[in-house]
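An overview of the molecular structure
These are the residues of each chain, in order.
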Amino acid sequence: MKPILEIQNVGKKYLIKHEEQQPYLSLRDSVTGIFKSKSSKEEFWALKDVNFTVNPGESLGIIGKNGAGKSTLLKILSRITPPTTGKIISRGRIASLLEVGTGFHPELSGRENIFMNGSILGMRKAEILKNFDAIVDFSGVEKFLDTPLKHYSSGMQLRLAFAVAAFLENEILIIDEVLAVGDAEFQKKCMGKMGEVASSGRTVLFVSHNMAAVKSLCENGLLLENGEVKLEGKINEVLDLYNSDNIESNTYYDTSNFGDRKRGLKQIYIKSVNIHKNLYSPNDKFQIDIQLNKNEVLFNNKEIHLAVFIFDILQNNVYQLSTMFSSQKISFDERSLYSFSLNQLNLTKGHYTIGVWLQGNNLEQDYLDQSVSFEIGEGTIYELQNPLIVSLLQKEFNFSQS
Amino acid sequence: MIEYEIKPQNKFSFGFKELARYYELLYYFTWRDVKVKYKQTVLGLLWAVLQPIFMTLVFTFFLGAAISQQTKLEIPYSLFAFSGLLIWTLFSAGLSNASNSMVNNANIIKKIYFPRLIIPISAILATFIDFAVTLVLFVILLLAYQVEVQWINFLLMPLAILFATLASLGLGMFLAAVNVKYRDVRYILPFFIQGLLFLSPVMFPISITKNVWALKVLQFNPVAGSLEFVRAVFGSYIIDWQTVFYSSITTVILFLFGLFYFRKTEAYFADLA
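All values reported here derive from a predicted model rather than from experimental measurement.

Helix and strand counts for chain B come out as 13 helices and one strand. Of the regular secondary structure in chain B, the N- to C-terminal order runs β-α-α-α-α-α-α-α-α-α-α-α-α-α. By the compact-globule yardstick of 19 Å for 273 residues, chain B fits well, its C-alpha radius of gyration being 20 Å. The principal-axis extents of the C-alpha atoms in chain B amount to approximately 65 × 45 × 35 Å. Residue burial in chain B is summarised as follows: out of 273 residues, 41% are buried.

Written as structure tokens, this is what we have:
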């Protein structure tokens, strides 16, 4: 069987102008530009030597950081902009959804916009008519079908837009980030529809930052980095590589500059914090080791307290582990390694930061603000079930001084 | 099985075949422009005729007598001026719509592929409704003035429309493409159209000038031919075929050049817009 899409040595070059920061050229600049040197232009390859093939019925997830070239690749595939080098052989009609609701006009009614948008997306009038009831039904806006679009809420507009796109009958669908529409319920509906499309034997190229969505929709993945293909393969392998590459977190923090920290007396201070690894699964074991040091020789109050806070990306404090709540007495010793551990993290996918707090003499001594962070990658327990669950309450933790 | 290649542009084609496949989209774009144009206006389609009526009144009042006398015009000046504005409005509205069309639809161009020519063409087709309304008023005026009319020459009207449209499409495609790169077009355009009006035999007949060069300018004017065809309906009017010939040369050149330039640059619209 011949592949439905063959991408051969595709590259795309842009020229970046450096000096003037103008959104577009004006004739005057062009005229005056003749007399200036043109050395300010720099070549930039948004895509370089990209090769891959897609088989009929395959669903391919394209992932990569911002600026990796995903959007440029999609633009070339959808023929919006031509490649600078290489070529693409396509054996089917491509429909691209780089945005939902392209061509929607606020003055037209919902009904009129369905026809307009459908037509822009490449549907024949007959196709639109055939699917019209299904589109309206899916969008859930039948009551407002003859109201101008400008009176719709933004959610309704998005739903209508997705509904039109969902009924495209092209052999190859290119989808970019369109899942991020509507409320949780509609998102679920969209995901269902996308899954249906992907499993109906059509070829789907899917670009998203939502790794869970990519994973559930696509069998294969393509990882782009700086305009080049870094890995093409099974979606799990690609996601693993992407996740491990993509984590910017410190697992160890040595605080030589403790004086910079504003909070606390600093008679004693936190010397180092170590969480050993930066990527966890939701049900992984977790351990944090803390070392302390003494600033004032005179500090002799032996009893201290330590606390560890875990924050999610929105600065919500999801965990607080504190010796205040344990019966154990803890004493200061600069040779000690203080460790908190959790049997299961029970956190969902995302980026988390850690704060460490130290008390001595019944006074705040030091607070290390989120210098250590880690990432929860894909796991098995919460995936796609309910995005609203951030963590479970953790009842017990172990603490030891050694 | 459809099989096609996406690769750097090297071969030039006018792309008519592809355009023909997308006739439905052309229809929808035109339909949208027509629908949207007079939304939220009180007077609606009346606006289509108010402008030429107003211009006719102004010119008739201030210059009508002088022009009639100097050129020995045999028909009422207001009718003559209105016939000119009928074509001029078709040309200038089309030109102005087409020139701004690519920039106005930049968000669509950047997201979806379709033959780009659809956009300026539909922008021009959308002005046909205005033209139709003005044409009806023209017929009413002909009857009201009770002048002698060669009704048979209304058969030339499609030719008049075709020539004016080709001219506005040619210039419009060129300016639309330039506008994507240089937004100056937006500001030059009203000025340019206004200036062109006075270089066209719209408000006065060609016979107004005795200067050979000025005469050539008027004859080579892209709308001069269309104006001849429209004015052929007046009872005693004789078509100046030389003007028609010269004018159509300009029109054809404008059209081919505009189309060529547009097709040559369209691949990069999405990068520039």
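Text resumes after the structure shown.
All names here are of chain B. Of all eight residues making up helix H6 (residues 118-125), eight are buried, and the element is well covered by its neighbours. Of all the positions in H6, only Ile 118, Ile 119, Pro 120, Ile 121, Ser 122, Ala 123, Ile 124 and Leu 125 are classed as buried. Residues of H6 that are buried in the fold lie against helix H2 (23-37), helix H4 (77-104), helix H7 (128-145) and helix H8 (157-181).

A few words now on the sheet that holds strand E18 (residues 363-376) of chain A. Pairing between the strands of a sheet is mediated by backbone hydrogen bonds and can be parallel or antiparallel. All names here are of chain A. Judged by pairing direction, the sheet is mixed, and its five strands sit side by side in the order E12-E18-E17-E14-E15 without closing on themselves. Single-partner strands in this sheet number two, and they are strand E12 (279-280) and strand E15 (317-322). Both strand E17 (residues 350-360) and E18 contribute to a ladder of 10 bridges, which runs antiparallel. Bridged to Gly 360 within E18 is Leu 363.

Before going further, it helps to examine the interface of chain A and chain B. In this assembly, 37 residues from chain A lie in contact with 28 residues from chain B. At the level of secondary structure, the elements contributing two or more residues to the side of chain A that touches chain B comprise helix H1 (27-33), helix H2 (70-77), strand E4 (85-90) and helix H3 (110-120) of chain A. For the side of chain A that touches chain B, the leading source of residues is E4 of chain A, giving five residues. By residue class, the composition of the side of chain A that touches chain B is 15 nonpolar, 13 polar and nine charged. One ladder, built from three bridges, connects E4 of chain A with strand E1 (residues 4-6) of chain B; its direction is antiparallel.

Another point: unusual backbone geometry. Phi at Asn 226 of chain A takes a positive value of approximately 50°, unusual for a residue other than glycine. Mapped onto the elements of the fold, Asn 226 of chain A is located in the loop between strand E8 (220-225) and strand E9 (228-234). One non-glycine residue with positive phi stands out, namely Gln 146 of chain B, at about 55°. Along the polypeptide, Gln 146 of chain B turns up in the loop between H7 and H8.

Residues and elements named next belong to chain B. Position of Ile 249 relative to the elements: it lies in helix H12 (residues 241-265). Classification of Ile 249 by C-beta neighbours within 10 Å gives partly exposed; the count is 14. Linking Ile 249 and Phe 262, residues 13 residues apart in sequence, is a C-alpha distance of 20 Å.

Residue and element names in this part refer to chain B. Viewed as axis vectors pointing N to C, H4 and H8 meet at an angle of 25°, and their least axial separation amounts to 7 Å. Judged by the inter-axis angle, H4 sits roughly parallel to H8. Considering how the two elements wind past one another, H4 and H8 form a crossing that is right-handed. Partitioning the contact of H4 with H8 into residue classes produces 18 nonpolar, eight polar and no charged.

With that out of the way, let us pick up the environment of Ile 120 of chain A. Looking at where Ile 120 of chain A falls in the secondary structure, it is placed in helix H3. Between the C-alpha atoms of Ile 120 of chain A and Phe 104 of chain A, which are 16 residues apart in sequence, the distance is 9.6 Å. When sequence neighbours within four positions are dropped, the list of residues in contact with Ile 120 of chain A reads Thr 102 and Gly 103 of chain A together with Leu 25, Ile 108 and Ile 112 of chain B.

The subject of this paragraph is the confidence of the model for chain B. Residue and element names in this part refer to chain B. Chain-level pLDDT for chain B is 91 on average; 99% of the residues reach the 70-or-more range. Element-level pLDDT for chain B is lowest in E1, with a mean of 78, against a maximum mean of 96 in H6. In the predicted complex, the global pTM is 0.76; the interface-specific ipTM is 0.86.

Conventions used here
- Here, residues in each chain are numbered from 1, in the same order as that chain's written sequence.
- For this description, chains carry letters from A and ligands carry numbers from 1, given in the order in which they are written.
- Only residues with pLDDT of 70 or above have their local features reported here, since the model is predicted, and side-chain atom pairs are shown and tallied only from 80 upward, although totals for entire chains, interfaces and linings are computed over all residues.
- Runs of H or I in DSSP of at least four residues are treated as helices and runs of E of at least two as strands, each being numbered from the N terminus.
- Our radius of gyration is a C-alpha quantity, and the globule rule it is checked against amounts to 2.2 Å times the number of residues to the power 0.38.
- To assign burial, the other C-beta atoms lying within 10 Å of each residue's own C-beta are counted, with C-beta atoms placed from the backbone; 20 or more indicates buried, 12 or fewer indicates exposed, and intermediate counts indicate partly exposed.
- Distance between backbone-placed C-beta atoms decides contact: two residues are in contact if it is within 7 Å.
- Two strands pair if DSSP finds at least two bridges between them.
- Ten residue types, Ala, Val, Leu, Ile, Met, Phe, Trp, Tyr, Cys and Pro, are classed as nonpolar, four, Asp, Glu, Lys and Arg, as charged, and the remainder, Gly among them, as polar.
- To obtain each axis, a line is fitted to C-alpha atoms, and for helices this fit is confined to the stretch in contact; angles are then taken between N-to-C directions over 0 to 180 degrees.
- Working definition: roughly parallel below 35 degrees, roughly antiparallel above 145 degrees, roughly perpendicular at 65 to 115 degrees, and oblique for all remaining angles.
- Note on convention: the crossing is left-handed when the near helix lies turned anticlockwise from the far helix by less than a right angle, right-handed when the turn is clockwise.
- One number per residue, pLDDT, summarises how confident the predictor is, and it ranges from 0 to 100.

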